[in-house]
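Now for the letters of each chain:
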Amino acid sequence: MIKERIAEIRSTLPEGVTLVCVTKFHPVERLMEAYEAGERDFGESRVQELVRKYEEMPKDIRWHFIGHLQTNKIRQIVPFVHLIQGVDSLHLLEEISKEAHKIGKVVNVLIEFHVAEELTKSGFSPEDADSLQEIIDLNHAPAFLREYPGVNIIGVMGMASNTDDLSRIRQDFEQLASLFRYLFPRGGVLSMGMSGDFPLAIQAGANMIRVGSLIFGERE
Ligand SMILES: *Cc1c(COP(=O)(O)O)cnc(C)c1O
């Protein structure tokens, strides 16, 4: 069943779009079905679960952290995480960089922007784009010049409003895409789109989507 659902989703994806299987609230046995079907990118939003699943599952999986990361938990995931999606403050960026630098790693991160109508979602405001641009440009300089040497800032992540209004969802994705093009003119990762809206995200230019319930069923 999981295998068929993945095949169905994949049949709609243009080349170059990475599917991240979102595992929150789903047990390892179900995740292994996705693994057996060939999936290698998995995303989890809770640190404890991410660590446990990392330990129990094959080591060729690329683990994405997709939630709001608390600074006191960074240390637990830095040694193995492939991509931290959703850096929503400079403080968090700095702390990730410090923890990674300490163990001689450079961790890939995405900048999270808040464009949705809900006030509860986290992320930078689009108005922060100019100050972020300086930080990102500096981050692409040689390591010894970097302000945050423990991170590679490689793209943008975001969510659309939780609404049935398709034009609002399109507008949110377009805004994320234009922030991405502004900050990463030479390309990078644009992570947007979930079970309910990923086709619209892809139309707007997403090259990474994060899909949970459409693959694994409703969360338990
Ligand atoms: C849960 C979650 C997803 C996946 O949501 P589904 O609707 O189950 O596909 C994607 N991104 C983030 C940040 C999430 O927390």
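First, a word on what this report is: a plain description of the structure on this page.

Definitions and limits used
- Residues numbered from 1 in each chain as written.
- Predicted model: local features only at pLDDT ≥ 70, side-chain atom pairs only at ≥ 80, totals over all residues.
- Heavy atoms only, no water.
- Helix = DSSP H or I, 4+ residues; strand = E, 2+ residues; numbered from the N terminus.
- Rg over C-alpha atoms; globule rule 2.2 N^0.38 Å.
- Buried < 20%, exposed > 50% of the residue type's maximum accessible area, 1.4 Å probe, protein only.
- Contact = heavy atoms within 4.5 Å.
- Areas by Shrake-Rupley, 256 points an atom, 1.4 Å probe, with all protein chains shown as cover.
- 1 Å grid on protein atoms, 1.4 Å probe; cavity = no way out; pocket = protein on both sides within 12 Å on 5 of 7 lines; lining within 4 Å.
- Points joined across faces, edges and corners; volume = space filled by probe spheres on them.
- Nonpolar A, V, L, I, M, F, W, Y, C, P; charged D, E, K, R; others polar.
- Arc of directions from axis to C-beta.
- Core = buried A, V, L, I, M, F, W, Y, C linked by side-chain atoms within 4.5 Å.
- Pairing = 2+ DSSP bridges.
- Right-handed = clockwise from strand over helix to strand, strands pointing away.

## Remarks on the overall build of the chain
For the chain, the helix and strand inventory stands at nine helices and eight strands. For 220 residues, the compact-globule estimate of 2.2 N^0.38 gives 17 Å, and the chain sits close to it at 17 Å. Projected onto its principal axes, the C-alpha coordinates of the chain cover approximately 50 × 40 × 30 Å. Residues classed as buried in the chain amount to 51% of the 220 residues present. If you take every contact in the chain between residues at least 6 apart in sequence, the share linking residues at least 24 apart comes to 58%. For the chain, the exposed surface amounts to about 10600 Å²; the carbon and sulfur share of it is 50%.

## Some details on empty space enclosed by the protein
Within the structure shown, the criterion is met by one cavity of 30 Å³ or more. When its volume is computed, the largest cavity comes out at roughly 40 Å³. Forming the boundary of the largest cavity are Glu112, Phe113, His114, Val115, Ala116, Lys121, Ser122 and Met159. It is strand β5 (residues 107–114) that contributes the most residues to the lining of the largest cavity, three residues altogether.

## With respect to the environment of Val107
Inspection of the secondary structure assignment puts Val107 in strand β5. Using a relative accessible area of 1% as the deciding quantity, one classes Val107 as buried. Taking the C-alpha atoms as reference, Val107 lies 15 Å from Leu90; in sequence the two are 17 residues apart. Val107 has contacts with Val78, Val81, Ile84, Ile96, Ala100, Gly150, Val151 and Asn152, leaving out every residue within four places of it along the chain.

## Structural notes on the layout of surface pockets
Size it by volume and the largest pocket reaches roughly 500 Å³. Every residue lining the largest pocket is counted, 24 residues in all, and those nearest its centre are Met159, Met194, Ser195, Gly196 and Asp197. Of the residues that constitute the lining of the largest pocket, the class distribution is nine nonpolar, nine polar and six charged.

## Details of helix α6 (residues 129–139)
Listed in full, the buried residues belonging to α6 are Ala129, Leu132, Ile135, Ile136 and Asn139. Mapping the buried residues of α6 onto a view down its axis gives an arc of 120°, with all of them on the same face. Each element contacted by the buried residues of α6 is listed here: α5 (90–102), β5, β6 (151–159) and α7 (166–183).

## Things to note about the nonpolar core
Nonpolar side chains tend to gather and get buried jointly when the protein is soluble and globular. In terms of nonpolar packing, the biggest core is built from 66 residues, with Ile77, Ile84 and Ile96 touching the most fellow members. A per-element tally of this core places α7 first, with seven residues. For Ile84, the residues in contact, after removing those within four places along its chain, are Phe65, Leu69, Ile77, Ile96, Val107, Asn108, Val109 and Leu110. Counting six residues, the second largest nonpolar core, distinct from the first, contains Val20, Leu110, Met157 and Val189.

## A few points about the pairing of β6
Inspection of the sheet shows β5 paired to β6 by eight bridges, in the parallel sense. Paired with Val107 across the strands is Val151, a residue of β6. Note that the unit made of β5, α6 and β6 has a crossover that is right-handed. Bridging between β6 and strand β7 (residues 189–191) involves three bridges; their strand directions are parallel. From the neighbouring strand, Val156 faces β7, where its bridge partner is Leu190. The parallel pair β6 and β7, bridged by α7, forms a crossover whose chirality is right-handed.

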